[in-house]
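Topology and contacts: notes
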Amino acid sequence: MDGFSGLIRDVADFPKPGILFKDVMPMLADGPAFAAAVAAMAAPWRDARLGAVAGVEARGFIFGAAMARELGVGFVPVRKPGKLPGEVHEIAYALEYGSDRLQVQRGALAPGDRVLLVDDVLATGGTLAAAASLLAGLEVELAGGAVLIELAALGGRARWTSASPLLATLRY
């Protein structure tokens with residue numbers, strides 16, 4: 001037993017009918033389970049010579065910041081528009097029903113920085129792919145991507161076009 005996957009619960013028909021939502025909140029509320037999840041996510045990256053972890057809004061902040069601390073590097077938030085002060089780098093991307101944008105504060109990362117991109121769940125892959133493209137536009141070195149959960153049936157991994165690895169701690 002990994003010490004945390006048993007605390008991830010399925011919620012049927014959330015956020016809309018037909019969706020089976022993987023709720024990580026019970027796991028986050030359990031200190032030892034949360035620590036075990038973060039340690040498992042961070043383990044493959046311990047020798048990756050990272051300069052920073054970038055976490056995607058919103059739950060990617062939770063895992064990304066905890067992983068940055070675990071790995072002894074800085075944390076950079078990848079945010080939705082209007083949340084960061086000052087100048088930002090931005091990318092627009094398509095969603096199933098509409099579009100969105102992601103931003104990183106200008107100066108948060110320097111060209112050549114080695115960065116790990118983190119989110120909670122890989123589903124259809126659009127947000128993670130957009131975040132990877134945003135980082136590529138900043139001329140950082142994308143060390144890879146890390147997610148706690150991959151929903152394999154949704155095919156999101158196919159949208160990861162980076163040559164760097166994309167690692168999922170749990171696959172459903």
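Heads up: the structure comes first, above all this text.
Residues numbered from 1 in each chain as written. Predicted model: local features only at pLDDT ≥ 70, side-chain atom pairs only at ≥ 80, totals over all residues. Heavy atoms only, no water.

As for the overall build of the protein chain
Rules: Numbering of helices and strands runs from the N terminus, with a helix taken as a DSSP run of H or I at least four residues long and a strand as a DSSP run of E at least two residues long. The rule is simple: take the accessible area with a 1.4 Å probe, protein chains only, and divide by the maximum for that residue type; under 20% is buried, over 50% is exposed, in between is partly exposed. Each accessible area is a Shrake-Rupley result for a 1.4 Å probe, and residues are judged covered by the shown protein chains and nothing else. His is not counted here, nor are the chain ends, while Lys and Arg score as positive and Asp and Glu score as negative. Taken as the charge centre is NZ of Lys, CZ of Arg, CG of Asp or CD of Glu, depending on the residue.
Within the protein chain, the regular secondary structure consists of four helices and nine strands. The helix and strand sequence of the protein chain, counted from the amino end, reads β-β-α-α-β-α-β-β-β-β-α-β-β. In terms of overall dimensions, the protein chain has a C-alpha envelope of 40 × 40 × 30 Å along the principal axes. Across the 172 residues that make up the protein chain, the buried fraction comes to 44%. When the accessible surface of the protein chain is split by element, carbon and sulfur atoms take 54% of a total near 8,400 Å². With 16 positive and 18 negative side-chain charges, the protein chain shows a spacing of 1 Å between the two charge centroids.

As for the nonpolar core
Applicable threshold: Throughout this description, the term nonpolar core refers to a set of buried Ala, Val, Leu, Ile, Met, Phe, Trp, Tyr and Cys residues connected via side-chain atoms within 4.5 Å.
Residues M27, M67, L116 and L148 are the most contacted members of the largest nonpolar core, which totals 28 residues. Among the nonpolar cores identified, the runner-up in size contains 25 residues, and A54, L102, L134 and L166 belong to it.

Description of the pairing of strand β7 (residues 114-122)
Working note: regular strand, side chains alternate between the two faces of the sheet. Rule in force here: Strands were regarded as paired on the criterion that DSSP finds at least two bridges between them. Viewed with both strands pointing away, a crossover whose connecting path from the first strand over the helix to the second turns clockwise is right-handed.
For β7, the tally of buried residues reaches nine of nine residues, placing the bulk of the element in the interior. Both strand β3 (residues 52-56) and β7 contribute to a ladder of four bridges, which runs parallel. From the neighbouring strand, G55 faces β7, where its bridge partner is V118. Of the strand pairs in this sheet, β7 and strand β8 (residues 141-150) are connected by eight bridges, and their pairing is parallel. Its bridge partner lying in β8, V115 is registered against L142. In this region the chain leaves β7, passes through helix α4 (residues 126-137) and returns to the parallel neighbour β8; the handedness of that crossover is right-handed.

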